[in-house]
Amino acid sequence: MLKNYFKIFIKVASQNKLFTFLSLFGISLTIMFVMIFSMTISKITTGSGPEKNLKKIVFCQRVSVHETHNGKKVGGFSISGCGRSLCEDHLKNVKNANIISMYSGPQPWEFIFNGKYQSKLQNQTDAEYWNLYDYKFLQGRPYNKEEVTKSSNLAVITRSLKELLFGSDENVLGKTVRYTSMNLVVTGVVEDPPKTAQNAMGDLYFPYTLIKNNDPTEEYLGGFIIAFKANSSKQFGPIRNEAQEMVARLDAADTLHSVFLSGPYSQVEKMMVGYGDPEEYSVGTSLFKYLMYALAFLLLPAINLMALNFARIHERGEEIAVRKSFGAASRVLRGQFLFENILMTLTGGVIGIILSYLVVAFLGNSLTLRVNFMGSVPLSFSFNYLVFIAALISCLIFGLLSGYLPAIRLSRMKPAVYLKGGEL
Amino acid sequence: MIKLENISKVYRTKEIETLALDNINFEVREGEFVSVMGPSGCGKSTLLNIIGLLDEPDKGKLNLNNLEILSYEDKKTARMRNQLVGFIFQSFHLIKELNVYDNVELPLIYRKTPQAERKKRVMEALEKVGLVNRMQHYPSQLSGGQCQRAAIARAVAGDPKIILADEPTGNLDSIIGHEVVGILADLNSKGTTIVMVTHDEMIAKSTHRIVRLFDGRLVG
Ligand SMILES: Nc1ncnc2c1ncn2[C@@H]1O[C@H](COP(=O)(O)OP(=O)(O)O)[C@@H](O)[C@H]1O
Ligand SMILES: [Mg+2]
């Protein structure tokens, strides 16, 4: 039976090449986008380069503070990264995490070198940062806890920054890098993190204690990200509870402010929530929003294919009538049509997957996907089985969405109309 | 085998109502070979479609193989068409995407006959019509006579009690036409009940009985 349907599918598809092309075109392109998008996102969320433990890390990067009067929110309201004191005096004491690190995250660093404008990234970190992420040290060592506490003028630079500043010089340990008005002594050189790393980013790293301009009156707000590494993702819940309880205590003790901490979130959650008002954007609403986008994205080509299917139902009239005459029930015919349609969408899916590999292979480095306001990442490969499942499920949804209604119409056609035995 | 009582069928389109069959009473006994004759548009095809459960009458009772048709539920009529009836059409209506073998196999596929049994039955049917050497051909590669023989093989592959043939010789020249009717007569001699629409008096006379339709009514 399926063999019979398969033969029909091949014949019908090869006889009406324009229709086949139109059907496959929409599906293939959509699957290609789904594939490229999910491969790249999967690459980011799995972690690459120094982020090999990404799946065990949760982050807080947004705090909001409302001024309050008698327990009611009034007037002023600010959102920012985590404050230095909030991190140092409170969040760093979370017990359920193995490693807790605070850092500014990548910040723009623009300077003129040898008469040329340069745009690089600098990242102000604590010593724990080097335990949290697995940078590959080519020379030297990271700065340690004591050096951070003492605000030592030290820096870790990447290989590309070293090549820019020092050219072919072999050993650059002990040489200085000028950052604003400071001369930082290089203690280590690391391999550049890949562009797909979204947390371990930067060209120049130095102790966050070197920056003194943090407003001491701002207890909660500042420019820091705080990251908690757990033994496994099972610890995420306890870590979140602990962090939230700490902030709740601060909130209760402060009669002039109401404080809200967003997270801690995993990489996936963090990407969904983004940098908006932390009280407005929760993982749930973001997930819903993205699912709606995805559905709309899949719905358009599905509707297109459905319209094509409707338009040519009458072409199949004679075949349907003959099959009915010889005993096909409507349900069986619906099954046949859906089967053919899913074969069509799966074929489109396979073409889409091949296209996505070709696009990533040939254009991956010149095309980027924007993931947040800081960065775009190059389109990337990832052999994650989830990506294939995403493509496959998309094809099935396609096949069902675009085939179901036409199949019903088709199975209800009156055979007598197409079997005019007498007149020709 | 086939019994129609007061069967009427009206076709309604936006502009007109056509009374295609008007109070038809008609019986065919088991093993009979009956010809249906009448001018174009008198309701012959409609009659065959109603007997074959491809169309529903507006009034009257239909009895097939001692079973009164009370409802036209899709699954039930599909099963009856599959097991009881074999259709032959003037313009063959072979599925053009399938070769002769696959076309003939069609009724057996909807009956869920096992593969080996299917093959045996298809080969037997093809032997009956002398088309074994053409079984890999597609309809477009066959002559009209060969197409109609393939269609007959398809109609008999499921070994139905009734064959309904709507002008089976209409598209064939007279020699080939007689050959095709010969095959039908042969099937009839082995017990198959046949109702055949034809315009050819000679062919009609070679069957057991002639029924004449005029404007949806039986005459003579
Ligand atoms: N599906 C239909 N819709 C409307 N009228 C139809 C339909 N089928 C047949 N008719 C009309 O019913 C009458 C009988 O048709 P038919 O049974 O095909 O005649 P015959 O086979 O004797 O030539 C004709 O007038 C024809 O125009
Ligand atoms: Mg007719």
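Residues numbered from 1 in each chain as written. Chains lettered and ligands numbered in written order. Predicted model: local features only at pLDDT ≥ 70, side-chain atom pairs only at ≥ 80, totals over all residues. Heavy atoms only, no water.

### What about the confidence of the model for chain B?
- On average, residues of chain B score 94 in pLDDT, and 100% of them reach the 70 mark or higher.
- Per the prediction output, this complex has pTM 0.74; the corresponding ipTM is 0.95. (pLDDT = per-residue confidence, 0-100.)

### Considering unusual backbone geometry
Residues and elements named next belong to chain B.
- Positive phi, normally seen in glycine, also occurs at Asn6, with a value near 50°.
- Residue placement: Asn6 occurs in strand β1 (residues 2-12).
- Taking relative accessible area as the criterion, Asn6 reaches 38% and is therefore assigned partly exposed. (Helix = DSSP H or I, 4+ residues; strand = E, 2+ residues; numbered from the N terminus. Buried < 20%, exposed > 50% of the residue type's maximum accessible area, 1.4 Å probe, protein only.)

### Some thoughts on the sheet that holds strand β9 (residues 209-214) of chain B
All names here are of chain B.
- The sheet built from six strands is open, its strands ordered β6-β7-β8-β3-β9-β10 with mixed pairing. Strand pairing shows two members of the sheet lacking a second neighbour, β6 (85-89) and β10 (217-219), which therefore form its edges. Each neighbouring strand pair of the sheet contributes to a mean axis angle of 25°, computed without reference to strand direction.
- Two strands pair when backbone bridges link them, and strand β3 (residues 33-37) and β9 are joined in this way by four bridges, in the parallel orientation. By the bridge assignment for β9, Ser35 is matched with Ile210.
- Strands in contact with helix α5 (residues 144-157) are β6 and β7 (162-166); relative to β6, the strand with the most contacts, it is inclined by about 170°. (Pairing = 2+ DSSP bridges. Axes fitted to C-alpha atoms, helices over the stretch in contact; angles between N-to-C directions. Contact = heavy atoms within 4.5 Å.)

### Digging into the packing of helix α3 (residues 100-109) of chain B against α5 of chain B
Residue and element names in this part refer to chain B.
- At a minimum axis separation of 7 Å, α3 and α5 run at an interaxial angle of 25°. Classified by the angle their axes make, α3 and α5 are roughly parallel. Here α3 and α5 pass one another in a crossing that is right-handed. On the side of α3, the interface is formed by Val100, Asn103, Val104, Pro107 and Leu108, while α5 contributes Ala150, Ala153, Arg154 and Ala157.
- Class assignment for the residues of the contact of α3 with α5 results in seven nonpolar, one polar and one charged. (Parallel < 35°, antiparallel > 145°, perpendicular 65-115°, else oblique. Left-handed = near helix turned anticlockwise from the far one by under 90°. Nonpolar A, V, L, I, M, F, W, Y, C, P; charged D, E, K, R; others polar.)

### Some details on the interface of chain A and chain B
- With 31 residues of chain A at the contact, the number on the chain B side is 31 residues.
- Where chain A meets chain B, there are one salt bridge.
- For Asp102 of chain B, the salt bridge goes to Lys7 of chain A, with nearest N and O atoms at 2.5 Å.
- The interface formed by chain A and chain B holds six residue pairs in polar contact (both at pLDDT 80 or more) in total.
- Within the residue set of the side of chain A that touches chain B, elements represented by two or more residues are α1 (2-15), α10 (317-325), α11 (330-363) and α13 (415-418) of chain A.
- Grouping the amino acids of the side of chain A that touches chain B by side-chain chemistry returns 14 nonpolar, eight polar and nine charged. (Salt bridge = Lys/Arg side-chain N within 4 Å of Asp/Glu carboxyl O. Polar contact = N/O pair within 3.5 Å; in protein donor to acceptor, adjacent residues only side chain to side chain.)

### Considerations on the sheet that holds β1 of chain B
Residue and element names in this part refer to chain B.
- Spatially, the four strands line up as an open sheet ordered β2-β1-β4-β5, and their pairing is antiparallel. Looking at strand neighbours, the two that pair on one side only are β2 (17-28) and β5 (67-68), the edges of this open sheet.
- Here β1 pairs with strand β4 (residues 59-64) via five bridges, running antiparallel. From the neighbouring strand, Leu4 faces β4, where its bridge partner is Leu62.

### Points about the pairing of strand β8 (residues 193-197) of chain B
Residues and elements named next belong to chain B.
- Buried residues dominate β8, accounting for five of its five residues.
- The alternating pattern of β8 places Thr193, Val195 and Val197 on one face and Ile194 and Met196 on the opposite face, and all of these are buried.
- Across four bridges, the pairing between β3 and β8 is parallel. Following the sheet pairing, Ser35 is matched in β8 by Met196.
- The pairing of β7 with β8 spans five bridges and is classified as parallel. Among the inter-strand pairings, Ala165 is bridged to a residue of β8, identified as Met196.
- Taking the sense of rotation as the criterion, the β-α-β connection linking β7, helix α6 (residues 174-189) and β8 turns out right-handed. (Right-handed = clockwise from strand over helix to strand, strands pointing away.)

### Digging into the pattern of salt bridges
- Applying the stated criterion across every chain yields a total of 22 salt bridges over all chains.
- Its salt-bridge partner being Glu32 of chain B, residue Arg209 of chain B comes within 2.8 Å of it at the nearest N-O pair. One end of the pair, Arg209 of chain B, is in strand β9; the other, Glu32 of chain B, is in the loop between β2 and β3, and 177 residues separate them in sequence.
- A relative accessible area of 27% means that Arg209 of chain B is categorised as partly exposed.
- The exposure class of Glu32 of chain B is buried, given its relative accessible area of 7%.
- Taken together, the salt bridges that share partners define one network made up of Arg316, Glu319, Arg323 and Glu340 of chain A.

### Topic: the state of the cysteines
- Enumeration over the complete set of coordinates arrives at zero disulfides over all chains.
- Cys87 of chain A takes part in no disulfide bond, and the closest cysteine sulfur to it belongs to Cys82 of chain A, at a distance of 4.7 Å. (Disulfide = S-S within 2.5 Å.)

### Quick notes on the side chain of Ser42 of chain A
Residues and elements named next belong to chain A.
- As for its placement among the helices and strands, Ser42 is situated in helix α2 (residues 17-46).
- Classification of Ser42 by relative accessible area gives buried; the value is 8%.
- What Ser42 contacts, discounting residues up to four positions off in sequence, is Ser382, Asn384 and Val387.

### Some details on the packing of aromatic side chains
- One pass over the full model with this rule turns up 21 aromatic pairs over all chains.
- An angle of 65° between the planes, with centres 5.8 Å apart, marks the rings of Trp109 of chain A and Tyr179 of chain A as edge-to-face. You can see Trp109 of chain A sitting in strand β5 (residues 107-113) and its partner Tyr179 of chain A sitting in strand β9 (residues 176-179), a full 70 residues away along the chain.
- A relative accessible area of 8% means that Tyr179 of chain A is categorised as buried.
- For the ring pair Phe87 of chain B and Phe89 of chain B, a centre distance of 5.9 Å and an interplane angle of 0° mean the geometry is stacked.
- We classify Phe87 of chain B as buried; its relative accessible area is 3%.
- Pairwise contacts between aromatic rings join Tyr103, Tyr129, Trp130, Tyr133, Tyr135, Phe137, Tyr143 and Tyr205 of chain A into one cluster.
- Lying over the aromatic face of Phe59 of chain A, Lys270 of chain A brings its terminal NZ or CZ to 4.4 Å of the ring centre.
- The aromatic ring of Phe19 of chain A is capped on one face by Arg312 of chain A, whose charged end is 3.9 Å from the ring centroid. (Phe/Tyr/Trp six-rings, centres within 6.5 Å; stacked < 30°, edge-to-face > 60°. Lys NZ or Arg CZ within 6 Å of the ring centre and 35° of its normal.)

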